[in-house]
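For reference, the chains in residue letters:
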Amino acid sequence: MRLSELFSISLQALRLNKLRSGLTLLGVIIGVMTVVSVLSIISGLNDYVMNKVINLNPDVLVFTRYGIIRNRMEFVMARKRKPVTARDLQVVRAECRSCAAVGAQQRQVATVHAGPRKLADVPVMGYTANVSTLLNVDLQAGRFFTPPEEQHAAAVVIIGYDVKDQLFPTIDPIGRTLYVRGYPLRVIGLQTKQGKVLGENRDKVMIVPLTFLQKVMTSDDGIAIMVRPVRGMKGLDETQDEVRTLLRSLRRTPFATDDPFGIVGAEAIQSLWRSISAGAFAVMVLISGISLVVGGIVIANIMFVSVVERTHEIGLRMALGARKRDIKRQFLLESSLLATLGGAGGVLGGTLVAVAVSQLFPAEVKLAFVAIGLVTATLTGLIAGLAPAAAAARLPPVEALRHE
Amino acid sequence: MTRSAWAAFQRGFTSNVRFALGAVLEQKLRSSLTILGIVVGVTTVMAMVAIVTGFNNNIIGNLQAFGANRIEIQKYDERFGPGGPPPEEMRRRKNLTVDDAEALRQAMPEATVSSLCGYFDAVIHIKNGNREANSPYVLGADEFYPTGTAYNIGRGRFFTAAEVEHSALVVVLGSEVQQAIFPKEDPIGKDITVEGLRYRVVGVLERKGEQFGYSPDNKVVLPMGSFARQFDFQMRRDGVSLNIVPKRTEDLDRVIEKTIAIMRARRRVPFNKPNDFAVATPDQLISQFRAITGGVTGAMVFIALISLLIGGVGVMNIMLVSVTQRTREIGIRRAVGALKRDVIGQFLTEAVTLSTIGGALGVLLGLLISATVKATVPALPTAIPFWSPLVGLLVSMGVGIFFGAYPAVKASRLDPIEALRWE
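How each quantity is defined
Residues numbered from 1 in each chain as written. Chains lettered and ligands numbered in written order. Predicted model: local features only at pLDDT ≥ 70, side-chain atom pairs only at ≥ 80, totals over all residues. Heavy atoms only, no water. Helix = DSSP H or I, 4+ residues; strand = E, 2+ residues; numbered from the N terminus. Rg over C-alpha atoms; globule rule 2.2 N^0.38 Å. Buried < 20%, exposed > 50% of the residue type's maximum accessible area, 1.4 Å probe, protein only. Salt bridge = Lys/Arg side-chain N within 4 Å of Asp/Glu carboxyl O. Contact = heavy atoms within 4.5 Å. Buried area = accessible area lost by both parts, 1.4 Å probe.

## Quick notes on the overall build of chain B
Counting its regular elements, chain B contains 15 helices and 12 strands. The C-alpha atoms of chain B give a radius of gyration of 33 Å, which is well past the 22 Å a tight globule of 423 residues would have. Dimensions along the principal axes, computed over C-alpha positions, put chain B at roughly 105 × 55 × 40 Å. With 423 residues in all, chain B has 51% of them scored as buried.

This is how it looks when you write it as structure tokens:
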């Protein structure tokens, strides 16, 4: 029998029992919907962590005193290391051949004054002038500082949105002066509103030239050197080795000793995040998969009913020359068609759920999830249809014809 | 349901159940598949609840290992999340002192007050001859430490009041340190060095086991004065923290209140300002922990419930088929005097029977999975809360009622004459 013929027979059978087919569809729809929305929410959450929380370009490597600290032992050992200093930065800048850009940052916390207004506990980021090529820094107004300003430790600052709201609520902040530790700083830029990330307010921040920060505040922990390879992602290993060699030789580290500094790349952070979250996520996907299994059971049940009800029809078909294979195919096609339709509905529903959720929570539907939803639904239908189809094909034609 | 309907329901209940069981048994394949749908749903929910409960119990047990009604006073709250120094207000706070502990002790004879100070930030060299412990941390404490932090002494004794008073050079070892530097011999009475200074071992603490990725057994405890002599920079930086345990549990709330009042007075906090110190109780930590994990566990149980919903859809579907196939039977029943509500009762009972059998099997399977996990994964001491099998059964019954209602009503609405004529 031709496939198109089988197809129209199946569709007809489904249309004949609208309520029943509808309910069976509903089972698959809910199942696929759950799978698709769970996948979207998980992937949205992952992307959120990667892009917002970590905020590190995938082709940038960071060298710091501490690196990633996971327990007290690592912390205690890292405390013995020397901080990464401006001199290290100078050497890396001068010597690293595979680095397209070398920058650095340092973080401090300070109280800011402007006239009678004051804001406490503002993170002050000291950046090199080229940091905008290494990190994502978006300015709403004004400009970033220039290499000469960095070189001369110019007293200029780029402020976050909350600092503007607190210190310059009604006026344009560009060109105004604010005070940190008694030093006057001229505002040259205003950062775009960033919002909160995991409860941390990213708008309460000031950016100053690294050299200025080091002039007015000292730190035990030193700076973080950031490098981007000339060859992009492909050059990560090569560049990492080159900078490691430089820093090790600066510290006169014996060749068998571990690095006396930490290296952080987007990849390392990602794998850390995965190791934390993968278990819970796997369980969620698994549980949502179970609802699809139940949907499959519902399909199998209804297909069995359908086979019994259409015994006479099957007998007739066999009498007219349909082979076992044809009967089998007919019921398999019917069940997988049912499931695929359900899958399509589920993908649609899941997308709607994901869109609704994304108003409050990061969630994103990817094309792959649509495919996963459809394919698993079809597979569910095929597997669920196997036993009923085999049962139908096994019916003895004469008995079947006699069946009322 | 009106009263008469309820009476009729009761009257017909036993026969309904008998009919329902007959109908269920007659269509074995169909019924078992329908039941299977419910079983999978209920099992998933039960297993999830068991695992989540086990996980929670594990953490709560860890939190309570240091005393279920311990009140901890610190300079500032433990901070989670991104680092950086504490905000300015907190940095300006005064240290808590040993004198604070003494004052609390004087004012509250009904509680045990212990002060302690820890040094965690560096490698501490603790040696017995050439054996060295694997970077333990050092605590300074007074003689009330075992009560204050719910520690038992495994061997020997803890410091006496006199030893603390005179800053004696004695030390109590954590069990992990003892294993590292006295693997075979009895450590009591032997000398060890802590950062080069000689101390005599007087006792060993009982083992508590690893918690949250760190080991509370990998430490040594010195008398407060000895600690202050050797690690004075640490004392000056962070001061001490206080552990307060009421002698009778029912005093807990009163002791918390009194402690806060005394500390505020001692630190001269104006009445209209918040506390300039942090008070933590195990209850608080547990509720903090619940707030963090609650969302995830809620989502998991919710997703598990969805499979039960689909199982319910399966019940409804099969009941509809059943109603269609038994149209003639319904016609005959109506013809010999069955009322609409009798028909409703019959089909509703059938649906509920299906889903309840599924629920019961699901509960059993859930218990089985929970027991298996408990036996194979020691980190997950799964536990079935007493309400969970009950809720599993009730919810599956509810699913049967909810999804059986429409088919039952549909059956009752059939025109008796039409139904009789149906082939």
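## Remarks on the pattern of salt bridges
Under the counting rule described, the total for this entry stands at 36 salt bridges over all chains. Salt-bridge contacts for Arg402 of chain A lead to Glu399 of chain A; the nearest nitrogen and oxygen are separated by 3.6 Å. Taken together, the residues Arg402 of chain A and Glu399 of chain A, both in helix 13 (residues 397–402) and 3 residues apart, mark about one turn of the helix. For Arg402 of chain A, a relative accessible area of 58% translates into the label exposed. Looking at Glu399 of chain A, the relative accessible area reads 47%, which means it is partly exposed. With its nearest N and O atoms 3.8 Å apart, the salt bridge here joins Arg207 of chain B to Asp217 of chain B. One end of the pair, Arg207 of chain B, is in the loop between strand 9 (197–205) and strand 10 (219–223); the other, Asp217 of chain B, is in the loop between strand 9 and strand 10, and 10 residues separate them in sequence. Judged by relative accessible area, which is 2%, Asp217 of chain B ranks as buried.

## Quick look at the interface of chain B and chain A
Accessible area lost during the coming together of the parts is what is often quoted as the interface size. Contact with chain B, which involves 43 residues of that partner, is made by 40 residues of chain A. Of the roughly 3,300 Å² buried where chain B meets chain A, counting both sides, 73% is carbon and sulfur surface. On the chain B side of the interface with chain A, the three residues burying the most area are Ile303, Ile310 and Asn317 of chain B, jointly 18% of the side's total. Across the contact surface, chain B and chain A share 0 salt bridges. When contributions to the side of chain B that touches chain A are tallied by element, the ones reaching two or more residues are helix 2 (28–64), helix 3 (88–91), helix 11 (282–325) and helix 14 (387–413) of chain B.

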